[in-house]
Amino acid sequence: IIAAGNDRHFRQLAELLGDPGLADTEEFATGRSRSGHREELTARLEQLLAARPGLEWVDELRRIGIPAGPILNYEQVFQDPQVFTDFALPGSMAP
């Protein structure tokens, strides 16, 4: 999940993805215009994001201040030590 929910974050995202002009196109210059062209934007972002593994993008996005995180399946969730650190209750079976 990438939460580039404002124009500044979207511009940073476009720059990180190697397509800084993306944020200047009429279809993607504002949140409203991005919403109106969601399918086209999704296709373009998927193409750009395919260049690297997802977790690499997550690290880079977080580094520049854009909220991001992986989407995990159940097995991955319960293998993630952060889950137990953040949500373990006293007396739970956390490792």
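For clarity, every value in this text was computed on a predicted model and none was experimentally measured. (Residues numbered from 1 in each chain as written. Predicted model: local features only at pLDDT ≥ 70, side-chain atom pairs only at ≥ 80, totals over all residues. Heavy atoms only, no water.)

Draft legend 1. Inspection of the overall build of the protein chain at higher detail. Broken down by element type, the protein chain carries six helices and zero strands. Secondary structure of the protein chain in N-to-C order comes out as α-α-α-α-α-α. For the protein chain, the residues scored as buried account for 22% of the 95 residues in total. Summarising the internal contacts of the protein chain: among those between residues at least 6 apart in sequence, 43% fall at separations of at least 24. (Helix = DSSP H or I, 4+ residues; strand = E, 2+ residues; numbered from the N terminus. Buried < 20%, exposed > 50% of the residue type's maximum accessible area, 1.4 Å probe, protein only. Contact = heavy atoms within 4.5 Å.)

Draft legend 2. Geometry of the nonpolar core. Ranked by size, the top nonpolar core spans 15 residues in total, and within it Phe10, Leu13, Leu17, Leu22, Leu41, Leu45 and Leu61 carry the most contacts. Elements with a contribution of two residues or more to this core: helix H1 (7-16), helix H3 (38-49) and helix H4 (54-63). In contact with Leu61, other than residues within four places in its own chain, are Ile2, Leu13, Leu16, Ile66 and Ala68. (Core = buried A, V, L, I, M, F, W, Y, C linked by side-chain atoms within 4.5 Å.)

Draft legend 3. Expanded view of H3. For H3, with twelve residues, the first-to-last C-alpha span of 16 Å sits near the 16 Å given by 1.5 Å per residue. Restricting attention to buried positions, one finds in H3 the residues Leu41, Leu45 and Leu48. The buried residues of H3 all sit within an arc of 60 degrees when viewed along its axis, so they share a single face. Across H3 from its buried face, at more than 90 degrees, point the exposed residues Glu39, Glu46 and Gln47. The inward-facing, buried residues of H3 contact H1, helix H2 (31-36) and H4. (Expected span 1.5 Å × (residues − 1). Arc of directions from axis to C-beta.)

Draft legend 4. Here's a closer look at the packing of aromatic side chains. The final tally for this structure, using the stated rule, is zero aromatic pairs. Note that Arg34 overlies the ring of Phe10, its terminal NZ or CZ placed 4.4 Å from the centroid. The lysine or arginine in question, Arg52, covers the ring of Trp57, its NZ or CZ lying 4.4 Å from the ring centre. (Phe/Tyr/Trp six-rings, centres within 6.5 Å; stacked < 30°, edge-to-face > 60°. Lys NZ or Arg CZ within 6 Å of the ring centre and 35° of its normal.)

Coordinates in, geometry out; function isn't part of it.
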